[in-house]
Amino acid sequence: MAQYDLVIIGGGPGGYNCAIRAGQLGLKTAIIENRGKLGGTCLNVGCIPSKALLHASEFYEEARKTFPAMGVNFTGLSLDLARMQAQKEEAVDGLTKGVEFLMKKNKVDYIKGVGRIAAPGRVDVALNDGGKQSLETRNICIATGSVPADLRGVDVDEERVVSSTGALALNKVPGKLVVIGGGYIGLELGSVWRRLGAEVRVVEFLDRITPTMDGEISTQFLKILKKQGMIFELGQKVTGVEKQRSKLVVSIEPSAGGAARTLDADVVLLSIGRKPYTDGLGLETIGVRTDQRGFVLTDHFKTNAPNVYAIGDCTPGPMLAHKAEEEGAAVAQIVAGKWGHVNYDVIPGVVYTNPEVAGVGKTEEELKAAGVAYKVGKFPFMANSRARTNHETDGMVKILEEEATKRVVGAHMIGVGVGEMIGEVCVAMEFGASAEDIARTCHAHPTMTEAIREAAKGVDGWIMQA
Ligand SMILES: Cc1cc2nc3c(=O)[nH]c(=O)nc-3n(C[C@H](O)[C@H](O)[C@H](O)COP(=O)(O)OP(=O)(O)OC[C@H]3O[C@@H](n4cnc5c(N)ncnc54)[C@H](O)[C@@H]3O)c2cc1C
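Predicted, not measured: the structure shown is a model, and the values here were computed from it. (Residues numbered from 1 in each chain as written. Predicted model: local features only at pLDDT ≥ 70, side-chain atom pairs only at ≥ 80, totals over all residues. Heavy atoms only, no water.)

Draft legend 1. Quick look at the environment of Glu327. Its place among the elements puts Glu327 in helix H8 (residues 321-335). On the accessibility criterion, Glu327 (3% relative accessible area) is buried. Every residue in contact with Glu327, bar those within four places of it in the chain, is listed here: Phe301, Ile311, Gly312, Thr315, Val342 and Tyr344. (Helix = DSSP H or I, 4+ residues; strand = E, 2+ residues; numbered from the N terminus. Buried < 20%, exposed > 50% of the residue type's maximum accessible area, 1.4 Å probe, protein only. Contact = heavy atoms within 4.5 Å.)

Rendered as structure tokens:
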């Protein structure tokens, strides 16, 4: 029986980054993945395919709507959806193979199959090709991720009623798409299909979209999405989807109670969140504790079972690839006897619509609720010269500084390319920067990042460009 220092169950961004770091640190490591490809949800049916479709569909919309205003005209512009889907698959294939190469490079054993904790220090694998393998190990890392959450009355068939996985693979643009859930996955995928020609209607239980986002930014985001043609049914809950031969009939009613009504759809996307995936993992064998929703409980990545760690989407916290990656690297470090730390105050979140939305740290609502005294600086892209030159003036940057410590504790932005720009504030926050530190840093002109500098100046009341 093979003897390992670390066996990782799950080959997503949490698991594969844990494996790479463990390999680099000289630990004898194995990674078990059941889907036949590494990369998990993120590379196969999440971050990467969604961004491939967002990028391509954005070009299509820009070519139709924005280019003529800049004197670039096309005749005979058309959509080849099969090619668009194929380029998405090419991106996924290239990246998953790249991760497999990184396993080899770092001397990690990649085992294709379903892993199950059979006893302390033992993981049994039902191999995808048939047969079984048992691994003896000093440490186990659970990185089994998450799957789409379901909703009573909505039967997902991945053809007409789809989860995010099916919505990434449609081979025809639906006439009418109803999206259940106004979170980032529904809004990103809704944007893809709206750009390609679908009428997109988002039904959201709450009276706002993207509930964890800074309220002011979320309100602007909603306005912009409406301006783009997305339709919203806020404060409404879906009670069922009836599949008829020629259409789907979605029943909705006000969340607070009231008269029910129906919506017609060709495709329904169910995207109300994700749930941890630990089915058949054998947690009960060694008594690993979970919360009521099934998330594996951890203290500094350690479960209650000795030498068993858990990371990523199957644990509480934001369900984001880079959060899983951070935790994966930290666990490898700890197993190797080194530091292992994640700063949960600086985990950025990005919505890859156009314009993008990005945030890091505390929102204004969170600071108010915690009774923290803070100062705020804001700057609109309407007053930024690069944004005006590029016809990309929607949005703003907001910087939040805690009064007592003079540290930036949050930044929230909506605008073209802010998903890249947020990194600047993340670095500043990691170094404990004040708004003044950002304000006194020279930024290139003309760039969208000057809006960050101006917003930072706004914290101390000396905005110069508006
Ligand atoms: C449409 C969509 C878009 C997204 N976009 C973004 C984005 O832009 N940015 C971002 O940060 N996040 C995004 N996410 C979220 C991101 O994909 C997840 O947060 C991330 O993949 C979590 O990583 P993980 O390693 O914890 O789990 P996963 O990526 O879910 O990987 C877990 C893997 O473990 C395997 N597994 C489970 N059980 C077993 C077992 N018993 N044996 C063997 N293998 C097993 C699973 O098959 C899976 O491949 C998106 C998600 C979706 C659905």
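Draft legend 2. View of the pairing of strand S5 (residues 132-142). Looking at chain direction, strand S1 (residues 2-9) and S5 are connected through seven bridges and run parallel. Residue Ile8 lies in a different strand from S5, and its bridge partner there is Cys141. Sheet topology note: the strand S4 (residues 122-127)/S5 ladder contains five bridges and is antiparallel. Bridge pairing in S5 links Asp124 to Ser134. Turn length for the S4-S5 hairpin, with the two strands adjacent in sequence and antiparallel, is four residues, and the turn residue Gly130 shows positive phi of about 100°. Here S5 pairs with strand S16 (residues 308-310) via three bridges, running parallel. Along S16, the bridge assignment pairs Ile140 with Val308. (Pairing = 2+ DSSP bridges.)

Draft legend 3. Broad picture of the packing of helix H3 (residues 47-65) against helix H4 (residues 81-105). Direction vectors running N to C along H3 and H4 enclose 140°, while the axes themselves pass 9 Å from each other. In terms of axis orientation, H3 runs oblique to H4. Here H3 and H4 pass one another in a crossing that is right-handed. For the pair H3 and H4, the contacting residues are Ile48, Pro49, Ala52, Leu53, Ala56 and Ser57 in the first and Met84, Gln85, Gln87, Lys88, Ala91, Val92 and Leu95 in the second. Across the contact of H3 with H4, the residue classes tally to nine nonpolar, three polar and one charged. (Axes fitted to C-alpha atoms, helices over the stretch in contact; angles between N-to-C directions. Parallel < 35°, antiparallel > 145°, perpendicular 65-115°, else oblique. Left-handed = near helix turned anticlockwise from the far one by under 90°. Nonpolar A, V, L, I, M, F, W, Y, C, P; charged D, E, K, R; others polar.)

Draft legend 4. Highlighting the nonpolar core. Core analysis: the biggest nonpolar cluster contains 35 residues, and Leu177, Leu187, Trp193, Phe221 and Phe232 have the highest contact counts within it. The set of elements that each furnish at least two residues to this core consists of H3, H4, strand S8 (176-180), helix H6 (184-195), strand S9 (199-204), helix H7 (215-227) and strand S14 (267-270). Counting residues per element, this core draws most heavily on H7, which supplies five residues. Contacts of Phe232, omitting those with residues within four sequence positions, involve Leu187, Val202, Ile209, Leu222, Leu225 and Lys226. (Core = buried A, V, L, I, M, F, W, Y, C linked by side-chain atoms within 4.5 Å.)

Draft legend 5. View of the site of the ligand. As a matter of local geometry, the ligand sits amid 39 residues, with Asn34, Thr41, Lys51, Asp313 and Ala321 nearest to it. Measuring from a nitrogen atom of the ligand, one finds a backbone N or O atom of Gly115 at 2.9 Å. The separation between an oxygen atom of the ligand and a polar side-chain atom of Asp313 is 2.8 Å. Here the ligand loses 97% of its free accessible area of 1000 Å² to cover by the protein chains. (Near = heavy atom within 4 Å. Polar contact = N/O pair within 3.5 Å; in protein donor to acceptor, adjacent residues only side chain to side chain. Areas by Shrake-Rupley, 256 points an atom, 1.4 Å probe, with all protein chains shown as cover.)

Draft legend 6. Just the environment of Phe381, in detail. Within the secondary structure layout, Phe381 lies in the loop between strand S19 (374-380) and helix H10 (385-389). Taking the C-alpha atoms as reference points, Phe381 and Glu450, 69 residues apart in sequence, are found 9.5 Å from one another.

Draft legend 7. Highlighting the pattern of salt bridges. Following the criterion strictly, the structure yields 30 salt bridges and no others. Here Glu89 makes a salt bridge to Lys88, at a shortest N to O gap of 3.3 Å. For Glu89, a relative accessible area of 39% gives the class partly exposed. Lys375 is the partner of Asp460 in a salt bridge, and the nearest nitrogen-oxygen pair spans 3.1 Å. Pair noted here: Asp460 is in the segment after helix H13 (450-459) and Lys375 is in strand S19, with a separation of 85 residues, a long-range link. One salt-bridge network, in which partners are shared between bridges, spans Asp214, Glu216, Glu364, Lys378 and Lys398. (Salt bridge = Lys/Arg side-chain N within 4 Å of Asp/Glu carboxyl O.)

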